[in-house]
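Remarks on the overall topology
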Amino acid sequence: MSTVTVRRATAASADVVADMWVRAAAALARAGLDQWQYPVKLHNIHAAIAAGTCWLASDSFGAIVGTITLDQDADPEMWPPEDRPADAFYLHRMITEPAAKGVELGSALIDWSARRAVEAGRKWIRLDAWRSNPGLWKYYADRGFELVRVVPHPSGSGACFQRDATIQLGHGPTVRTAA
Ligand SMILES: CC(C)(COP(=O)(O)OP(=O)(O)OC[C@H]1O[C@@H](n2cnc3c(N)ncnc32)[C@H](O)[C@@H]1OP(=O)(O)O)[C@@H](O)C(=O)NCCC(=O)NCCS
C-alpha cells in the first residue's frame, strides 16, 4: 500500500466508522485489554461527521483501511488553560483495518494530521489515550509523542500525549486528501 486517500466521512458512512470501532474494541478485548469496552458512542461519530472532522482512508482499490477524527475540541479535563488548548489539533478514534497492519498507516495518518495542524497555524497535535494500556502508550511514544500528564478521567482514557506539529516521521503510505 503506497498511497491512501482520505476523505471526509459522510452521514452514510457512520455505520462503517462504528463497525470499525466495534471490531477494534473486540480485538482489544481478545488481546486482554480493557480499552474501549463499552458500547460504541454513535452520537460522537455522528457529531464528528456532521462537523466534518471524521475522515476515512481508502487504498487504491477504494477499500476502507482506516479512520481518524481530527478536531479542535480540547477536553478541558485533559487540556487545562495553561496548555493553550487552541494551539493544537486533537486526534480521536484512529483505527486501522487488520488488513492494513504492518505498513505504518497510523504513522502516516498522524503525519497527515500534523500537516493539517501546521496549515491551520497550530503548534501541537494531541490525543488522550487509554490509561491502563502501556502498549498504546508505547505506540505513541515510539512515534514521537511525549506524555504530558495522566488524568483520572472516568472514561478510562486520560493519558495525554502531544507531538510538535512540525514533526513528520515520513513512515508508511503517502496520504492524499480528496478534494
Ligand atoms: C493504533 C492504530 C490505529 C495504529 O495503527 P498502525 O500504525 O497501522 O499500527 P499497527 O496496528 O500495526 O500497530 C503497531 C503496534 O502497536 C500496537 N498497538 C496498536 N494499538 C494498540 C492498542 N490499542 N493497545 C495496545 N497495543 C496497540 C500493535 O499491537 C502493534 O504492536 P506490534 O508492533 O508489537 O505488533 C491501530 O493499531 C488500531 O486500530 N488500534 C486499535 C484502536 C486504537 O487503539 N486506536 C488508538 C486510540 S488512542
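Described below are features of the structure shown in this document.

Scoring rules and cut-offs
Residues numbered from 1 in each chain as written. Predicted model: local features only at pLDDT ≥ 70, side-chain atom pairs only at ≥ 80, totals over all residues. Heavy atoms only, no water. Pairing = 2+ DSSP bridges. Helix = DSSP H or I, 4+ residues; strand = E, 2+ residues; numbered from the N terminus. Axes fitted to C-alpha atoms, helices over the stretch in contact; angles between N-to-C directions. Contact = heavy atoms within 4.5 Å. Salt bridge = Lys/Arg side-chain N within 4 Å of Asp/Glu carboxyl O. Expected span 1.5 Å × (residues − 1). Buried < 20%, exposed > 50% of the residue type's maximum accessible area, 1.4 Å probe, protein only. Arc of directions from axis to C-beta. Near = heavy atom within 4 Å. Polar contact = N/O pair within 3.5 Å; in protein donor to acceptor, adjacent residues only side chain to side chain. Areas by Shrake-Rupley, 256 points an atom, 1.4 Å probe, with all protein chains shown as cover. Phe/Tyr/Trp six-rings, centres within 6.5 Å; stacked < 30°, edge-to-face > 60°.

Re the sheet that holds strand β1 (residues 3–8)
Reading across the sheet, the 8 strands line up as β6-β7-β5-β4-β3-β2-β1-β8 and stay open at both edges, with mixed pairing between neighbours. Each having just a single partner strand, β6 (146–150) and β8 (174–177) make up the two edges of the open sheet. Across this sheet, the average inter-strand angle for adjacent strands is 30°, counted without regard to direction. As paired strands, β6 and strand β7 (residues 157–164) are joined by 4 bridges and run antiparallel to one another. Residue pairing in the sheet places R149 in a bridge with C160 of β7. Relative to strand β4 (residues 88–96), helix α2 (residues 42–51) is tilted by about 125°, and along the sheet it contacts β2 (54–58), β3 (64–71) and β4. Against the sheet, helix α3 (residues 105–119) engages β1, β2, β3, β4, β5 (124–130), β7 and β8, with an angle of about 155° to β4.

Observations concerning the pattern of salt bridges
When the charged atoms of two side chains with opposite charge come close together, those side chains can pair. Within this structure, the stated rule accounts for 7 salt bridges. The partner of D19 in a salt bridge is R23, with the nearest N and O atoms 2.9 Å apart. With a gap of 4 residues between them, D19 and R23 both fall in helix α1 (residues 14–30), about one helical turn apart. Here R84 and D87 are joined by a salt bridge, their closest N and O atoms 3.1 Å apart. Taken together, the salt bridges that share partners define one network made up of D19, R23 and E97.

Quick word on α1
Taking 1.5 Å per residue as the helical rise, α1 with its 17 residues ought to reach 24 Å, and the 24 Å between its terminal C-alpha atoms agrees with that figure. By the burial criterion, the buried members of α1 are A14, V17, A18, M20, W21, A24, A25 and L28. One side of α1 carries all its buried residues, which in axial view fall inside an arc of 155°. Looking at α1, the residues exposed on the side facing more than 90 degrees away from the buried face are D15 and R30.

As for the site of the ligand
Taken together, 17 residues lie around the ligand, and Q35, M94, K101, N133 and Y139 are the ones closest in. Within the side chain of K101, one N or O atom sits 3.1 Å away from an oxygen atom of the ligand. Separating a nitrogen atom of the ligand from a side-chain N or O atom of N133 is a distance of 2.8 Å. Burial of the ligand by the protein chains amounts to 69% of its free accessible area of 840 Å². When residues of the shell around the ligand are assigned to their parent elements, the largest contribution, 4 residues, is made by helix α4 (residues 134–142).

Let's talk about the environment of W130
Examined against the element boundaries, W130 turns out to sit in strand β5. Sequence spacing of W130 and L105 is 25 residues, and the spatial spacing of their C-alpha atoms is 20 Å. Excluding its chain neighbours within four sequence positions, the residues that come into contact with W130 are D34, Q35, W36, Y38, L136, W137, S155, G156, S157 and A159.

Looking at unusual backbone geometry
Of all residues except glycine, most have a negative phi; of all peptide bonds, most are trans. Not every positive phi belongs to a glycine, and W36 is a case in point at roughly 60°. Inspection of the secondary structure assignment puts W36 in the loop between α1 and α2. We classify W36 as buried; its relative accessible area is 14%. Unusually for a residue other than glycine, E104 sits at a positive phi of about 65°. Counting through the fold element by element, E104 comes out in the loop between β4 and α3.

So, the packing of aromatic side chains
The way to describe two aromatic rings as a pair is by their centre distance and the angle between their planes. Scanning the entire structure with this criterion turns up 9 aromatic pairs. An angle of 75° between the planes, with centres 5.0 Å apart, marks the rings of W55 and W112 as edge-to-face. Residue W55 is located in strand β2, and its partner W112 is located in helix α3; the two are separated by 57 residues in the primary sequence. Judged by its relative accessible area of 2%, W112 is buried.

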